[in-house]
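# Results of the structural survey
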Amino acid sequence: MEKNQTPRILDLLLELSSYGQHTTQQLAESLGVTRRNIYNYLGMLTDYGFKVRKDGHSYYIDPLSPFFKKLRENIQLSDTEAEYICQTLAEAPSNDIMAARVRTKLARHYGLDDIAASPEAFVQRVNTSKALLRKAIKTERIVKIVGYSSPHSHTVKDRFVEPYMFLNNGHDVRCHEISTHTNKTFKLSRMQGVELMDDSWFNKKLHKDVYTDIFMFSGEETHPVKLRLGQLSHNLLLEECPLSREYITAGEDGKSWTFAADMASFLGIGRFVIGLYDDIEVLGDDSFIDYLNKKVETMKNHSHANKTTTT
């Protein structure tokens, strides 16, 4: 790429990353180039790993592009954290300009289109769902969660559940899903609506409390994890998870720290340990050690497979 094209590529990236979609004519006028130049620049962005999407005659950058994914990882803000912040900011007064600005930026980069496009409608939808869920919990009634968007199964469908407790300051609700006979946590922000059914609960004995660990993973069962931390891992753990402070004790040598806490999931703590393996000694428990060994083995097999394919 020629040096004088770099500023225009960056300007185009900013345009495509801003809220809304843009035609090639609009982009050409904004950057002061021809439409042919715009098509060339779009091709370059695609070659660099950006997912350029087309909707009719308009273009935009997919917020799930690898570049944005790496950027989010670098600033240590998960999709769940971004959604929580956006939802909280959406409830701010309409005259709070700073809240609106931050909400729009976060929503745009994390693909939370409904919060960005119409925060008032979003808040009203969430509050209506919350009121119906609160009534269902009080009267022990079944509800239909309408159009629930699941990032795990990549589906949008209705769920019949028995809601029994709110979590995360009312942003989530714990329910027993009737079709799967399992307890699950549902985010109010991912519901299109809630309908109150006439039927009463019939699985109350299966409703269980849920525990949320310092990495914000939730579950009905917990597993103890014990680590010996070096200076680097100790500092990073406090930075990433301030709640970990009460589970850390200083070693007598003044150079190490012991971390011991219950985890609802090994995903968060596992990522942390694998990323800093040379500064952490895993002391327990056996199930966590087995989890890490399997993860490392999977990584080795995956790397070997990729190496074989490329050669």
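To keep things clear, this report deals only with the structure shown in the data block.

Cut-offs applied
- Residues numbered from 1 in each chain as written.
- Predicted model: local features only at pLDDT ≥ 70, side-chain atom pairs only at ≥ 80, totals over all residues.
- Heavy atoms only, no water.
- Helix = DSSP H or I, 4+ residues; strand = E, 2+ residues; numbered from the N terminus.
- Buried < 20%, exposed > 50% of the residue type's maximum accessible area, 1.4 Å probe, protein only.
- Contact = heavy atoms within 4.5 Å.
- Areas by Shrake-Rupley, 256 points an atom, 1.4 Å probe, with all protein chains shown as cover.
- Pairing = 2+ DSSP bridges.
- Axes fitted to C-alpha atoms, helices over the stretch in contact; angles between N-to-C directions.
- Expected span 1.5 Å × (residues − 1).
- Arc of directions from axis to C-beta.

### Focus: the overall build of the protein chain
A tally of regular secondary structure across the protein chain gives 11 helices and 14 strands. Per-residue burial for the protein chain yields a buried fraction of 39% across its 311 residues. Sequence separation of 24 or more characterises 58% of the internal contacts of the protein chain that already satisfy a separation of 6 or more. Carbon together with sulfur atoms contributes 52% to the accessible area of the protein chain, which is approximately 18600 Å² in total.

### A word on the pairing of strand 7 (residues 182–187)
Here 6 bridges tie strand 6 (residues 172–177) to strand 7, and the two strands are oriented antiparallel to one another. Paired with Arg 174 across the bridge in strand 7 is Thr 185. Between strand 6 and strand 7, which pair antiparallel in sequence order, lie 4 residues; one of them, His 181, sits at a positive phi of approximately 55°.

### Observations regarding the sheet that holds strand 1 (residues 22–23)
Spatially, 3 strands are ordered 1-3-2 in an open sheet, and the strand pairing comes out antiparallel. Strands at the two margins of the open sheet, each flanked by one partner only, are strand 1 and strand 2 (52–55). Examined bridge by bridge, strand 1 and strand 3 (residues 58–61) share 2 bridges and lie antiparallel to one another. Across the sheet, His 22 pairs through a bridge with Tyr 59, a residue of strand 3. Helix 1 (residues 6–17) contacts strand 1 and strand 3 of the sheet and is inclined by roughly 100° relative to strand 3.

### Regarding helix 8 (residues 119–139)
End to end, helix 8 covers 30 Å across 21 residues, agreeing with the expected 30 Å (1.5 Å per residue, within 8%). Pro 119, Phe 122, Val 123, Arg 125, Val 126, Ser 129, Lys 130, Leu 133, Ala 136 and Ile 137 are the residues of helix 8 that are buried. The buried residues of helix 8 occupy an angular sector of 160° when the element is viewed end-on, so they sit on one face. For helix 8, the exposed residues lying more than 90 degrees away from the buried face are Glu 120, Gln 124 and Lys 138.

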